[in-house]
Number of protein chains: 2
Amino acid sequence: MDKYRIELYESDIPKYVQIAKHIKRLIDINEVNDGERLPSIRMLSKLLNVNNDTIINAYKKLQTEGCAVQKIGSGTYAKKKEINKNFKKQYSEIFKKMSADEAKNYIDFTGENACSDFFPVSSFKGVLNEVLDRDGAEALAYQEMLGYIGLRDSINKYFWESSLNNDNILIVSGAQQGIDIVSKAMINVNDNVIVEKPTYSGALSVFKGRRANIFEVPVEENGIDIEVFKKILKKNKIKCFYLMSYFQNPTGATYSIDKKNEILRIAEEYDFYIIEDDYLSELIYDTNIEYKSFKTLDVNDRVIYIKSFSKIFLPGIRIGYLICPERFKESIQNSKIDTDISTSSLMQRALHLYIEKGFWKEYINHLNIIYKDRYNFMKEQLKNIFQQKVEFNLPGGGLNFYIKLSDSIDLDSIKLFYECRENKVLLTPGVLFYKNIKDGERFFRLGFSKVDNNEIYKGLNIINNLLKR
Amino acid sequence: MDKYRIELYESDIPKYVQIAKHIKRLIDINEVNDGERLPSIRMLSKLLNVNNDTIINAYKKLQTEGCAVQKIGSGTYAKKKEINKNFKKQYSEIFKKMSADEAKNYIDFTGENACSDFFPVSSFKGVLNEVLDRDGAEALAYQEMLGYIGLRDSINKYFWESSLNNDNILIVSGAQQGIDIVSKAMINVNDNVIVEKPTYSGALSVFKGRRANIFEVPVEENGIDIEVFKKILKKNKIKCFYLMSYFQNPTGATYSIDKKNEILRIAEEYDFYIIEDDYLSELIYDTNIEYKSFKTLDVNDRVIYIKSFSKIFLPGIRIGYLICPERFKESIQNSKIDTDISTSSLMQRALHLYIEKGFWKEYINHLNIIYKDRYNFMKEQLKNIFQQKVEFNLPGGGLNFYIKLSDSIDLDSIKLFYECRENKVLLTPGVLFYKNIKDGERFFRLGFSKVDNNEIYKGLNIINNLLKR
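Conventions used here
- Residues numbered from 1 in each chain as written.
- Chains lettered and ligands numbered in written order.
- Predicted model: local features only at pLDDT ≥ 70, side-chain atom pairs only at ≥ 80, totals over all residues.
- Heavy atoms only, no water.
- UniProt positions renumbered as here; feature names shortened; annotations may be inferred.
- Axes fitted to C-alpha atoms, helices over the stretch in contact; angles between N-to-C directions.
- Helix = DSSP H or I, 4+ residues; strand = E, 2+ residues; numbered from the N terminus.
- Parallel < 35°, antiparallel > 145°, perpendicular 65-115°, else oblique.
- Left-handed = near helix turned anticlockwise from the far one by under 90°.
- Contact = heavy atoms within 4.5 Å.
- Nonpolar A, V, L, I, M, F, W, Y, C, P; charged D, E, K, R; others polar.
- Buried < 20%, exposed > 50% of the residue type's maximum accessible area, 1.4 Å probe, protein only.
- Pairing = 2+ DSSP bridges.
- Domains from an automatic or database assignment.
- Buried area = accessible area lost by both parts, 1.4 Å probe.
- Salt bridge = Lys/Arg side-chain N within 4 Å of Asp/Glu carboxyl O.
- Polar contact = N/O pair within 3.5 Å; in protein donor to acceptor, adjacent residues only side chain to side chain.
- Least-squares fit on C-alpha atoms with pLDDT ≥ 70 in both.
- Expected span 1.5 Å × (residues − 1).
- 1 Å grid on protein atoms, 1.4 Å probe; cavity = no way out; pocket = protein on both sides within 12 Å on 5 of 7 lines; lining within 4 Å.
- Points joined across faces, edges and corners; volume = space filled by probe spheres on them.

- Chain A goes by PLP-dependent aminotransferase family protein in an unreviewed UniProt entry, where it is assigned to Clostridium rhizosphaerae.
- Regarding chain A, the UniProt comment filed under Sequence similarities (unreviewed entry) reads as follows: "In the C-terminal section; belongs to the class-I pyridoxal-phosphate-dependent aminotransferase family."

Structural data, given as structure tokens:
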């Protein structure tokens with residue numbers, strides 16, 4: 001309680017502002033922890049010798065600024081902004097500054113997208129030219145706010161067996177933009193959002209940016225822990241649940257059909273929406289895994305489906321799409337317009353032709369052959385090289401493994417990251433994927449999209465030597 | 001006061017929530033006006049027979065939801081969300097649904113971008129192919145978070161005489177995205193923002209979406225009214241001021257150099273930032289107008305400069321850039337990453353080559369010749385055809401005229417819009433550019449980017465006939 005004591009002074013700055021600032025500082029320097037209950041209004045007003053209204057106003061200010069949450073009948077709780085900001089910042093600075101040439105000196109396990117080496121430049125160049133010859137400058141005008149109708153129609157036909165209404169498909173510039181515009185349309189300050197634990201750091205950033213309250217539910221091998229999930233739902237009005245249905249980033253977990261149906265049922269019962277980020281479901285190596293998205297199983301229009309073409313196709317194309325529930329369709333469309341009006345129309349037309357000509361299917365088949373081989377190779381090498389030093393599950397698809405350091409290893413994943421980097425190996429420390437940095441200290445992600453078998457072998461041995469020390 | 005009376009019932013819904021909902025409804029249906037002072041806590045608690053804390057909590061809730069603003073020492077004020085949402089919605093639906101073929105049946109005065117008819121498809125196709133031949137799949141990988149270094153370097157060299165640091169340039173997907181990511185980085189709930197009155201509706205939407213308090217300052221012929229501006233600054237802590245320095249949208253006004261210097265001085269004095277949307281400054285027809293952006297005159301790093309290439313070049317390319325003050329550089333860069341990671345790299349490389357080869361300069365010169373001619377033609381026709389029915393200023397550049405209906409005309413701009421549409425003419429009613437729909441009822445914007453002299457003559461005569469009735 002004593003940490004809340006503060007010398008209040010007479011000035012233009014009202015007392016309640018002085019108090020709010022003091023508490024904000026306590027939260028920033030971890031004197032008050034994220035989620036810690038703040039003193040009751042009565043206790044704090046007594047301690048600081050001010051009246052109740054002053055404390056009420058201070059707490060109100062903290063709430064407005066997203067530094068506190070009021071739970072009805074239970075009090076006010078501290079909310080820490082960007083807990084792992086510091087490391088995240090350093091991490092992103094490293095990649096921000098790295099040129100393509102520099103990157104070539106590293107064995108790079110951070111890849112999240114299919115490698116550009118496999119990209120069929122000549123057929124893509126072909127469709128681009130065909131579009132420009134066919135449409136002329138029209139290809140670069142932005143007529144259609146929902147996206148090029150040809151592309152929306154191909155998506156419906158080739159990926160959804162024409163089961164959708166083309167008007168419910170909205171073209172966006174990749175999954176990150178999808179998450180951003182859905183959040184703008186749905187999530188307000190202090191709304192409650194559930195995410196998987198761990199989850200994609202880009203999604204966490206967006207929800208934090210909306211000043212949402214974020215609840216994390218642990219991911220098991222076949223999806224989230226339903227019991228923990230239900231406990232949260234019973235106590236809190238939840239707006240939405242963000243998940244990755246296949247080869248979850250970073251854990252590689254895939255939801256079982258049963259778990260999907262159960263979550264859809266609960267969504268209806270507790271009246272929340274599911275944001276399904278369909279991440280890399282094109283790459284299935286384990287034949288026991290069947291492809292059935294939440295969206296396909298969704299009978300109550302509870303799912304906002306997000307698909308990026310940038311992950312599997314090529315990052316620089318910056319195209320993806322959303323399928324909106326009828327209820328949010330309009331606000332999500334408007335949110336897209338406010339965000340960047342529309343997505344590059346030339347690229348949309350090129351992708352449309354690329355799909356229509358059957359190149360897309362060919363390309364995906366090709367990737368599956370290459371990456372299945374790498375996946376199997378890496379799986380064996382992880383066992384052979386690391387032996388008892390780590391634990392991991394087998395995702396059965398996708399582009400990475402999520403590795404846990406065994407208890408015997410005296411190293412956290414941030415240190416491991418820096419040591420690897422000195423040895424010209426890049427990996428992704430688990431700390432990026434959790435609200436609280438501590439939770440990810442024993443984990444790291446190894447992606448195999450940008451490394452061939454040779455590099456995998458070499459890179460894993462370098463990491464292993466660091467673990468041995 | 002009586003409108004605030006409400007029957008409170010015992011239920012799971014706390015009384016303060018019931019009260020907040022009731023007031024929210026009053027605001028929605030205009031029983032309480034935007035900016036109207038809500039009753040004092042004491043008066044309302046007495047009226048509803050509840051204690052003060054209940055009202056405090058209700059007001060707090062309204063504030064969190066962005067429906068009210070507390071002004072210290074003065075009380076709580078209603079804040080209407082999206083005042084002109086209804087017409088805006090109808091307006092945007094009309095354009096959302098219009099196909100390119102349908103649009104051809106209209107004489108279209110709504111154009112905001114240079115017309116695609118003038119776009120040199122073949123030279124653009126040339127640079128695209130050159131990039132793909134040179135860089136291969138690399139052209140479609142997204143290595144650089146700030147944007148392709150080649151393009152940033154060309155921008156610095158050709159548009160800024162190499163006066164910038166390339167790291168302070170951030171490539172974005174057009175001005176709309178620039179405004180969106182700057183807002184995310186700078187503006188929080190209830191922050192104060194000043195805009196020009198009238199202003200670009202896409203910017204208004206973004207600031208509203210951030211739940212900012214928006215102050216409007218009238219635009220005069222040479223920029224905003226400085227006296228009104230200062231009055232607002234004296235009473236309120238302002239975070240930023242959004243403006244268009246050349247051929248302001250919709251008024252066509254251009255800031256005088258003196259006014260720019262004065263505003264920059266005031267920005268330092270009152271500690272706020274200027275978001276400069278450099279809109280269409282490439283098209284200057286009046287030789288008395290000199291090009292000198294706020295950014296060029298800025299000695300205190302107070303300007304966030306936003307430039308779209310989509311307006312003048314071609315909309316479908318979706319490229320623009322930001323110049324960030326050192327202080328906000330990092331948060332604006334992170335905000336871009338959270339928004340969509342990066343902008344299409346192929347397009348960036350193509351634009352880079354397009355500028356380097358001198359095509360850009362050629363293209364702009366060509367546009368200036370065409371549009372100066374149209375501008376002069378339209379200026380004469382506006383006078384000849386409309387005569388005393390309207391008033392307007394001469395922008396001396398850009399792509400549109402902003403027209404005021406004379407008092408003798410008994411028609412508002414929404415009605416005019418619908419009547420014109422029935423007669424196959426499209427124009428933009430002024431109501432879109434104001435916080436309060438009423439303020440724009442006597443105005444409309446006529447853009448000449450998509451209409452040739454023939455259509456201008458025909459279209460203006462159709463509008464004139466409607467005004468005569």
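Topic: the packing of helix H1 (residues 15-28) of chain B against helix H3 (residues 52-64) of chain B
Residues and elements named next belong to chain B.
Part 1 of the reasoning: Orientation of H1 relative to H3, taken along the N-to-C sense of each, is 50°, at an axis distance of 8 Å. Overall, the two elements H1 and H3 adopt an arrangement that is oblique. Pair H1 / H3 crosses with right-handed handedness. Two secondary-structure elements touch here, H1 through Lys15, Tyr16, Val17, Ile19, Ala20, Ile23 and Lys24 and H3 through Thr54, Ile55, Asn57, Ala58, Tyr59, Lys61 and Leu62.
Part 2 of the reasoning: For the contact of H1 with H3, the class distribution of residues is 9 nonpolar, 2 polar and 3 charged.

Some thoughts on the pairing of strand E11 (residues 320-323) of chain B
Residue and element names in this part refer to chain B.
Part 1 of the reasoning: By the alternation rule, side chains of E11 split into Gly320 and Leu322 and Tyr321 and Ile323, which are all buried.
Part 2 of the reasoning: Here 4 bridges tie strand E4 (residues 169-172) to E11, and the two strands are oriented antiparallel to one another. If you follow leucine 170 over to E11, its bridge partner there is leucine 322.
Part 3 of the reasoning: Sheet topology places strand E10 (residues 303-308) next to E11; 4 bridges connect them, and they run antiparallel. Across the sheet, residue isoleucine 306 finds its bridge partner in E11, namely leucine 322.

Quick look at unusual backbone geometry
Part 1 of the reasoning: A cis geometry characterises the amide bond from Lys197(A) onward to Pro198(A), with omega recorded as 0°.
Part 2 of the reasoning: Within the element layout of this structure, Pro198(A) appears in the loop between strand E5 (192-197) and helix H9 (201-209).
Part 3 of the reasoning: A positive phi angle, near 55°, is found at Asp301(B), a position not held by glycine.
Part 4 of the reasoning: Following the sequence through the fold, Asp301(B) ends up in the loop between helix H12 (294-297) and E10.

Things to note about the domain arrangement of chain A
Residue and element names in this part refer to chain A.
Part 1 of the reasoning: When its domains are assigned, chain A resolves into domain 1 (2-78), domain 2 (85-111 + 362-468) and domain 3 (137-357).
Part 2 of the reasoning: For domain 2 versus domain 3, the distance between C-alpha centres works out to 26 Å.
Part 3 of the reasoning: In this complex, domain 2 contributes 23 residues to the contact, which on the side of domain 3 involves 27 residues.
Part 4 of the reasoning: Between domain 2 and domain 3 lies a buried interface of about 2,300 Å² when both sides are counted; carbon and sulfur atoms form 58% of it.
Part 5 of the reasoning: The largest per-residue losses of area from domain 2 upon contact with domain 3 belong to Tyr363, Phe433 and Lys435, which jointly make up 26% of the total buried on that side.
Part 6 of the reasoning: Across the domain 2-domain 3 interface, the total number found is 1 salt bridge.
Part 7 of the reasoning: The salt bridge partner of lysine 197 is aspartate 439, with a shortest N-O separation of 3.2 Å.
Part 8 of the reasoning: Connecting domain 2 to domain 3 are 13 residue pairs in polar contact (both at pLDDT 80 or more).
Part 9 of the reasoning: Every element with two or more residues in the side of domain 2 that touches domain 3 is listed here: helix H15 (359-386) and strand E13 (400-405).
Part 10 of the reasoning: Looking at the side of domain 2 that touches domain 3, the element that brings in the most residues is H15, giving 7 residues.

Let's talk about the relation of the copies chain A and chain B
Between the two chain copies there is a screw-like relation: a rotation about an axis and a shift along it.
Part 1 of the reasoning: For the pair chain A and chain B, the best superposition has an RMSD of 0.1 Å and corresponds to a rotation of 180° with a translation of 0.0 Å parallel to the axis. Interpreted geometrically, this transformation is the action of a two-fold axis. Minimal C-alpha separation from the rotation axis in chain A is found for Thr64(A), amounting to 3.0 Å.
Part 2 of the reasoning: When the interface residues of chain A are mapped onto chain B, 99% of them again fall at the interface, so both copies present the same face.

Quick look at helix H8 (residues 175-186) of chain A
All names here are of chain A.
Part 1 of the reasoning: Between its first and last C-alpha, H8 extends 16 Å over 12 residues, near the 16 Å set by a 1.5 Å rise per residue.
Part 2 of the reasoning: Burial of H8 is extensive: 11 of the 12 residues sit out of reach of the surface.
Part 3 of the reasoning: Of the positions making up H8, those classed as buried are Ala175, Gln176, Gln177, Gly178, Ile179, Asp180, Ile181, Val182, Ser183, Lys184 and Met186.

Regarding the interface of chain A and chain B
Part 1 of the reasoning: In this complex, chain A contributes 68 residues to the contact, which on the side of chain B involves 67 residues.
Part 2 of the reasoning: Between chain A and chain B, a total of about 5,800 Å² is buried, with carbon and sulfur atoms accounting for 57% of that surface.
Part 3 of the reasoning: Ionic pairing is found between Lys184(B) and Asp180(A), a salt bridge with its closest N-O pair at 2.7 Å.
Part 4 of the reasoning: For the interface between chain A and chain B, the tally reads 17 residue pairs in polar contact (both at pLDDT 80 or more).
Part 5 of the reasoning: Contributions of two or more residues to the side of chain A that touches chain B are made by helix H3 (52-64), helix H4 (85-97), helix H6 (121-135), H8, H9, helix H13 (326-340) and helix H14 (345-356) of chain A.

Some remarks on the sheet that holds strand E15 (residues 428-429) of chain B
Part 1 of the reasoning: A sheet is described by the order of its strands in space; here 4 strands give the open sequence E12-E13-E16-E15 (chain B), paired in antiparallel fashion. With one partner strand each, in any of the chains shown, strand E12 (390-392) and E15 of chain B form the two edges of the open sheet.

Observations concerning the environment of Ile332(B)
Residue and element names in this part refer to chain B.
Part 1 of the reasoning: Its place among the elements puts isoleucine 332 in helix H13 (residues 326-340).
Part 2 of the reasoning: Using a relative accessible area of 0% as the deciding quantity, one classes isoleucine 332 as buried.
Part 3 of the reasoning: C-alpha of isoleucine 332 to C-alpha of valine 182: the two residues are 150 residues apart in sequence and 5.9 Å apart in space.
Part 4 of the reasoning: Excluding residues that lie within four positions of it along the chain, isoleucine 332 makes contacts with Leu170, Ile181, Val182, Ala185, Ile304, Leu322 and Cys324.

Comments concerning the sheet that holds strand E8 (residues 238-244) of chain A
Residue and element names in this part refer to chain A.
Part 1 of the reasoning: Taken together, the 8 strands give an open sheet; going across it, the order is E4-E11-E10-E9-E8-E5-E6-E7, and neighbouring strands pair in mixed fashion. Taken across any chain shown, the strands that pair with only one partner, and hence form the sheet edges, are strand E4 (169-172) and strand E7 (223-224).
Part 2 of the reasoning: When strand E6 (residues 213-220) meets E7, the two strands line up antiparallel, connected through 2 bridges. For glutamate 220, the partnering residue across the bridge sits in E7 and is glycine 223.
Part 3 of the reasoning: Together, E4, strand E10 (303-308) and strand E11 (320-323) form the strand contacts of helix H7 (residues 149-160), whose direction differs from that of E4 by roughly 110°.

Description of empty space enclosed by the protein
Part 1 of the reasoning: With the rule as written, the count across this model stands at 8 cavities of 30 Å³ or more.
Part 2 of the reasoning: The volume enclosed by the largest cavity comes to roughly 100 Å³.
Part 3 of the reasoning: As for the largest cavity, its lining consists of 16 residues, of which Ser173(A), Arg318(A), Ser344(A), Ser173(B) and Arg318(B) are closest to the centre.

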